[in-house]
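# Understanding the architecture of this molecule
Here are the chains, one letter per residue:
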Amino acid sequence: MTSETTEADFRGTIDPGPETGLRVRSQVMADKPVTIRHERIGRRIGRLGAMDVSRLNVALALVMGLGDYHQPSRLLESPHVGSGKRSSVPTIGSV
């Protein structure tokens, strides 16, 4: 994750709040996956909502070559809160 946000494919933007535990708007860098030893993982500060987890799963699948989407950046957009529109999250088998 990074708090230095940028317009980039395969990065999902996460807003700060009590659920996420973030203090500033941040991005999950699905384009830069790394492994971390279990001993280096600290305490949990928050959690991602279902929509953010779904967007992250799509981004990781695309980065790892497991998905075939024509507009990857559109899949990672945040839903419009309060717009009254229902949005569906694409999954690997649905597009």
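Please read these numbers as outputs of a predicted model, since none were measured by experiment. (Residues numbered from 1 in each chain as written. Predicted model: local features only at pLDDT ≥ 70, side-chain atom pairs only at ≥ 80, totals over all residues. Heavy atoms only, no water.)

## Describing the overall build of the protein
When you go through the protein residue by residue, the secondary structure sums to 2 helices and 2 strands. The N-to-C order of helical and strand elements in the protein reads β-β-α-α. Expressed as a percentage of its 95 residues, the buried residues of the protein come to 24%. Of the contacts formed within the protein by residues at least 6 apart in sequence, a portion of 45% connects residues at least 24 apart. Total accessible area on the protein stands at roughly 7,400 Å², and carbon and sulfur atoms take up 50% of it. (Helix = DSSP H or I, 4+ residues; strand = E, 2+ residues; numbered from the N terminus. Buried < 20%, exposed > 50% of the residue type's maximum accessible area, 1.4 Å probe, protein only. Contact = heavy atoms within 4.5 Å. Areas by Shrake-Rupley, 256 points an atom, 1.4 Å probe, with all protein chains shown as cover.)

## A look at empty space enclosed by the protein
In this structure the tally under the stated criterion is 1 cavity of 30 Å³ or more. Estimated volume of the largest cavity: approximately 70 Å³. Along the wall of the largest cavity there are 12 residues; nearest its centre are G12, V28, D52, R55 and L56. Contributions of two or more residues to the lining of the largest cavity are made by β1 (11-14) and α1 (50-63). When residues of the lining of the largest cavity are assigned to their parent elements, the largest contribution, 4 residues, is made by α1. Residues belonging to the lining of the largest cavity are distributed by class as follows: 8 nonpolar, 1 polar and 3 charged. (1 Å grid on protein atoms, 1.4 Å probe; cavity = no way out; pocket = protein on both sides within 12 Å on 5 of 7 lines; lining within 4 Å. Points joined across faces, edges and corners; volume = space filled by probe spheres on them. Nonpolar A, V, L, I, M, F, W, Y, C, P; charged D, E, K, R; others polar.)

## Description of the side chain of T13
Relative to the helices and strands, T13 resides in strand β1. Exposure remark for T13: the relative accessible area of 17% places this residue in the buried category.

## Description of the confidence of the model for the protein
Per-residue confidence for the protein gives a mean pLDDT of 77, with 69% of residues at or over 70. When mean pLDDT is compared element by element in the protein, strand β2 (residues 26-29) scores highest at 93, while helix α2 (residues 72-75) scores lowest at 52. Note on residues 80-95: pLDDT is under 50 here. Beyond four places in sequence and across chains, it has 14 contacts. (pLDDT = per-residue confidence, 0-100.)

## Side note on a nonpolar patch on the surface
Where nonpolar side chains cluster on the molecular surface, the patch consists of V34, I36 and I41 and spans about 320 Å² of accessible area. Within the element layout of this structure, I41 appears in the loop between β2 and α1. (Patch = residues over 30% accessible without salt bridge, like charges linked within 9 Å, V, L, I, M, F, W, Y side chains within 5 Å. Salt bridge = Lys/Arg side-chain N within 4 Å of Asp/Glu carboxyl O.)

## A word on α1
Counted at 1.5 Å a residue, the expected span for α1 with its 14 residues is 20 Å, and the 20 Å between its end C-alpha atoms agrees. Those residues of α1 that sit buried are D52, R55, V58, A59, A61 and L62. At the C-terminal side of α1, G65 shows a positive phi close to 80°. (Expected span 1.5 Å × (residues − 1).)

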